[in-house]
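An overview of the molecular structure
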Amino acid sequence: MPDPLVLSADPVPGTRLLVTGGARGIGRAVADAYAARGGRICILDRDPVADAPAGWISRQGSAASGPDIEAAFAAMDRAWGGVDVAHANAGMSANKASLELTEAEWRAVLDLNLTGVFLTAQAAARRMVPAGAGVILATSSIYGLTAGPNRAAYTATKGAVSNLVRSLASEWGPHGVRVNAIAPGYVQTDMLETLVQQGLIDRAALLARTTLGRLGRPADIAAMACFLGSPAAAWINGAIMSVDGGWLANGGP
Ligand SMILES: NC(=O)c1ccc[n+]([C@@H]2O[C@H](COP(=O)([O-])OP(=O)(O)OC[C@H]3O[C@@H](n4cnc5c(N)ncnc54)[C@H](O)[C@@H]3O)[C@@H](O)[C@H]2O)c1
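None of the values given here were measured: they were computed from a predicted structure. (Residues numbered from 1 in each chain as written. Predicted model: local features only at pLDDT ≥ 70, side-chain atom pairs only at ≥ 80, totals over all residues. Heavy atoms only, no water.)

Things to note about the overall build of the protein
The secondary structure content of the protein amounts to 7 helices and 7 strands. Each helix and strand of the protein, placed in order from N terminus to C terminus, yields the pattern β-α-β-β-α-β-α-β-α-β-α-α-α-β. Against the compact-globule benchmark of 18 Å for 253 residues, the protein has a radius of gyration of 18 Å, which places it among compact chains. If you line up the protein on its principal axes, its C-alpha atoms span 50 × 45 × 35 Å. For the protein, with 253 residues in total, the buried portion stands at 49%. (Helix = DSSP H or I, 4+ residues; strand = E, 2+ residues; numbered from the N terminus. Rg over C-alpha atoms; globule rule 2.2 N^0.38 Å. Buried < 20%, exposed > 50% of the residue type's maximum accessible area, 1.4 Å probe, protein only.)

This is the structure in structure tokens:
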């Protein structure tokens, strides 16, 4: 007899979520979406979250710093006894010609986009592996699956995040911990707006390539984050899920 499909594509109510870079943009949309489904939310952001709803834990600190990351998880341990979903989302770009990229700029992008993701995943797994359950998510990018000029540090780190996720999924899957990445296309956030304003990204060209005819909304990415943290994703591990309006598929003019 076939199994009836009873698995929900929403996270279980009460899910304890940590999201880095959760003050704005994609991270905030993920936090809001989990909260709307009964989640308990902890944000780690370098900026204060002025409008955090009552009951959220909001930690100001760097998602590239081991001690700041550990302190955020420890706050969840104290408040809620652990973590169910950890989303390493904070990231930065350095869009400029590689001949002009400084060593400091290169290292700053690696620190946050790659080392920060590893340290967040490691701190989460230190709790999830003994518990025998948990979900770790990373925000990669379409530039973790393809590449382009003038974003060497960004593409290098996002490509590395894609393979880091596969490695950690292989290691921690046997312990009941799923590790997956989301690869967003161009999403309307402050990060994108800044690059457009600086003339580093051409909005019309993006729209022309995006087959669904619009830029992403943070909620489009949050929908995937909710699904990956839900029972319906119980057999998804080591995947890089592109959510890009068809941008990657459309290589041609
Ligand atoms: N917007 C896009 O088009 C797009 C596309 C693909 C991937 N991404 C990825 O999505 C993630 C989120 O991007 P976004 O567009 O929401 O950016 P955003 O600039 O709108 O928000 C980023 C958030 O991260 C925080 N942050 C930055 N550095 C931090 C640090 N060191 N420690 C803690 N918090 C820090 C910021 O304060 C902010 O709240 C990034 O990893 C980015 O690379 C974005």
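Section: the packing of helix 1 (residues 25–36) against helix 7 (residues 218–228)
Geometrically, a packed helix pair is captured by the angle between its two axes and the distance between the axes. Between helix 1 and helix 7, whose axes approach to 8 Å, the crossing angle comes to 55°. In terms of orientation, helix 1 and helix 7 fall into the oblique class. In this structure, helix 1 crosses over helix 7, and the sense of that crossing is right-handed. On the side of helix 1, the interface is formed by G25, I26, A29, V30, A33 and Y34, while helix 7 contributes P218, A219, I221, A222, A225 and C226. Residues of the contact of helix 1 with helix 7, tallied by class, amount to 11 nonpolar, 1 polar and no charged. (Axes fitted to C-alpha atoms, helices over the stretch in contact; angles between N-to-C directions. Parallel < 35°, antiparallel > 145°, perpendicular 65-115°, else oblique. Left-handed = near helix turned anticlockwise from the far one by under 90°. Contact = heavy atoms within 4.5 Å. Nonpolar A, V, L, I, M, F, W, Y, C, P; charged D, E, K, R; others polar.)

Side note on the layout of surface pockets
Of the voids in this model, the largest pocket is the one considered here, and its volume is about 1,000 Å³. Around the largest pocket sit 42 residues that line it, and G91, M92, S93, T189 and M191 are the ones nearest its centre. Counting only elements with at least two residues in the lining of the largest pocket, the list comes to helix 1, strand 2 (40–45), helix 4 (152–172) and helix 5 (190–197). Looking at which element gives the most residues to the lining of the largest pocket, the answer is helix 5, with 5 residues. Here the residues of the lining of the largest pocket sort into 19 nonpolar, 16 polar and 7 charged. Size it by volume and the second largest pocket reaches roughly 330 Å³. If you go around the second largest pocket, you meet 20 residues; those closest to its centre are D84, V85, A133, G134 and V135. When residues of the lining of the second largest pocket are traced back to their parent elements, those giving at least two are helix 3 (103–131) and strand 5 (134–139). (1 Å grid on protein atoms, 1.4 Å probe; cavity = no way out; pocket = protein on both sides within 12 Å on 5 of 7 lines; lining within 4 Å. Points joined across faces, edges and corners; volume = space filled by probe spheres on them.)

Observations regarding the site of the ligand
D45, N89, Y154, V187 and T189 are the nearest of the 27 residues found near the ligand. Compared with its free state, where it exposes 840 Å², the ligand has 94% of that area covered by protein. Counting atoms within 2 Å of the grid points, the majority share of the ligand lands in the largest pocket. Elements represented by at least two residues in the shell around the ligand include exactly helix 1, helix 4 and helix 5. For the shell around the ligand, the residue count by class is 10 nonpolar, 11 polar and 6 charged. (Near = heavy atom within 4 Å. Areas by Shrake-Rupley, 256 points an atom, 1.4 Å probe, with all protein chains shown as cover. Sits in = over half its atoms within 2 Å of the grid points.)

Considering empty space enclosed by the protein
Here the structure, examined in full by the defined rule, presents 1 cavity of 30 Å³ or more. Its boundaries defined by the atoms lining it, the largest cavity holds a volume of some 30 Å³. Lining of the largest cavity is provided by A88, V117, A121, I136, L137, A138, V165, L168 and V179. Put simply, the parts of the chain that give the lining of the largest cavity at least two residues each are helix 3, strand 5 and helix 4. Ranked by residue count, the leading element in the lining of the largest cavity is strand 5, at 3 residues.

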